[in-house]
Amino acid sequence: MNSDNKEKLLGKTLEGLRDVCASVGLRPFAAKQMARWLYEKRVADIDAMTDLPKEARARLKAEYRIGREAPVAESRSADGTAKYLFPGVGGRDVEAVMIPDRERATICVSSQAGCKMNCRFCMTGRQGYHGNLDAGAIINQVLSIPESDALTNIVFMGMGEPTDNLDAVLDAIEILTSPWGLAWSPKRITVSSIGNIPGLRRLLDETKVHIAISVHTPFSDERRGIMPVERAWPVAKVVDLLRDYDFAHQRRLSMEYIIWRGINDDMRHADALARLLKGTDARVNLIRFHRIPDFEGAPADAPVMEAFRDRLNERGVTATIRASRGEDIEAACGMLAGEKRNENQG
């Protein structure tokens with residue numbers, strides 16, 4: 001059997017590894033041994049699983065592969081931000097971005113190749129939807145970058161909408177947080193969403209990870225114009241759902257707000273955003289826009305962003321301005337994948 005056609009072990013939960021054991025005649029307890037090799041020791045070869053019997057390894061190799069894949073391209077910013085391109089699905093590569101910040105090193109991972117949500121300001125959305133990544137492809141982004149051992153945090157904020165591929169994302173979170181997996185605290189993980197209410201509710205019920213919601217304007221009519229999801233799941237209803245959950249203790253709620261000059265940067269927007277978030281423990285991350293082709297929005301000026309932040313703080317909403325990172329390598333989601341595809345088609 002061609003190795004590419006073999007089933008991947010990477011990305012399997014403990015339950016999935018028990019099924020693998022049954023398929024090759026291993027006792028169920030061997031699943032924990034395999035998990036340790038995959039996620040703690042991070043081996044790239046089944047033969048490295050030396051506490052499994054040799055004949056069992058041979059049976060495993062006949063049907064399975066580890067599934068680790070190295071980046072196919074990378075670019076690195078002067079500020080240390082690194083963007084990596086990985087094999088994706090549907091003929092489209094996907095991106096992961098590593099962001100160093102003093103004692104922290106955060107990886108921003110993709111969950112889909114492309115995206116169905118079609119937000120007008122998003123380069124990934126311009127590329128259309130090409131398929132869901134499985135849990136192995138998500139975990140591979142964490143394990144296969146050079147800085148893997150130094151990572152402190154992970155955000156599902158790369159290409160794709162995580163709640164549109166929720167089964168794989170939940171499996172990846174289980175692997176990241178379980179004692180038999182990478183044993184990370186859920187406090188080290190943030191999942192970003194445009195506000196898919198059914199998926200968001202399940203994510204909230206089944207995990208303790210931090211949540212970030214893409215808002216970008218508090219006005220429904222404006223949001224419909226830039227984020228079609230507003231028609232199905234209005235941001236006001238998303239916020240109503242979030243009020244039912246505790247964000248004061250174990251998890252954090254953030255609202256992502258890209259500021260565009262003359263579009264959503266005035267005090268009217270700040271006041272409406274404060275009203276929208278009343279009664280929540282949400283904090284607001286104000287984000288400087290990275291320009292993309294064929295979108296009229298331009299980055300807001302720094303004094304305007306500061307005034308917007310101060311207005312929110314005065315209204316009782318904690319707001320900060322996120323430092324812009326990696327702009328010289330076009331670190332906005334989808335840019336490197338788009339460039340690589342254009343090169344291949346040239």
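So, here's what we can say about the structure.

A closer look at the environment of Val89
1) Next: Take Val89: it is sitting in strand E4 (residues 82-89).
2) Next: Along the chain, Val89 and Asp134 lie 45 residues apart, while their C-alpha atoms are 9.5 Å from each other.
3) Next: When near neighbours in sequence (up to four residues on either side) are disregarded, Val89 contacts Ala113, His130, Gly131, Asn132 and Leu133.

Some remarks on the pairing of strand E10 (residues 189-193)
Residues in a regular strand point their side chains to alternate faces of the sheet.
1) Next: Among the five residues of E10, five are classified as buried, and the element is accordingly described as predominantly covered.
2) Next: Relative to E10, strand E9 (residues 153-156) is paired through three bridges, and the arrangement is parallel. The partner of Ile154 across the bridge, within E10, is Ile189.
3) Next: Of the crossover connections in this fold, the one passing from E9 over helix H6 (residues 166-177) to the parallel E10 is right-handed.
4) Next: Two elements, E10 and strand E11 (residues 210-214), share four bridges in a ladder whose sense is parallel. The partner of Thr190 across the bridge, within E11, is His210.
5) Next: Regarding topology, helix H7 (residues 197-206) serves as the crossover connection from E10 to the parallel E11, and that connection is right-handed.

Some points on the sheet that holds strand E14 (residues 319-322)
Strands in a sheet are paired, the pairing made by backbone hydrogen bonds, and the direction either parallel or antiparallel.
1) Next: Here we have 10 strands laid out as an open sheet, ordered E3-E4-E5-E6-E9-E10-E11-E12-E13-E14, and mixed in their pairing. Strand pairing shows two members of the sheet lacking a second neighbour, strand E3 (73-76) and E14, which therefore form its edges. Across this sheet, the average inter-strand angle for adjacent strands is 25 degrees, counted without regard to direction.
2) Next: Alignment of E4 against strand E5 (residues 92-101), held across six bridges, turns out to be antiparallel. When the sheet's bridge partners are listed, Ala82 is paired in E5 with Met98.
3) Next: Here helix H5 (residues 135-143) sits on the sheet and contacts E4, E5, strand E6 (104-109) and E9; the angle it forms with E6, its principal contact strand, is near 150 degrees.

Regarding the side chain of Ser144
1) Next: For Ser144, the position within the fold is in the loop between H5 and E9.
2) Next: On the accessibility criterion, Ser144 (14% relative accessible area) is buried.
3) Next: Side chain to side chain, Ser144 and Arg68 meet in a polar contact 2.9 Å long.
4) Next: A distance of 2.7 Å separates polar atoms of two side chains, one belonging to Ser144 and the other to Asn140.
5) Next: With sequence-adjacent residues up to four places away left out, Ser144 is seen in contact with Arg68, Glu69, Pro71 and Phe86.

Definitions and cut-offs
Residues numbered from 1 in each chain as written. Predicted model: local features only at pLDDT ≥ 70, side-chain atom pairs only at ≥ 80, totals over all residues. Heavy atoms only, no water. Helix = DSSP H or I, 4+ residues; strand = E, 2+ residues; numbered from the N terminus. Contact = heavy atoms within 4.5 Å. Buried < 20%, exposed > 50% of the residue type's maximum accessible area, 1.4 Å probe, protein only. Pairing = 2+ DSSP bridges. Right-handed = clockwise from strand over helix to strand, strands pointing away. Axes fitted to C-alpha atoms, helices over the stretch in contact; angles between N-to-C directions. Polar contact = N/O pair within 3.5 Å; in protein donor to acceptor, adjacent residues only side chain to side chain.

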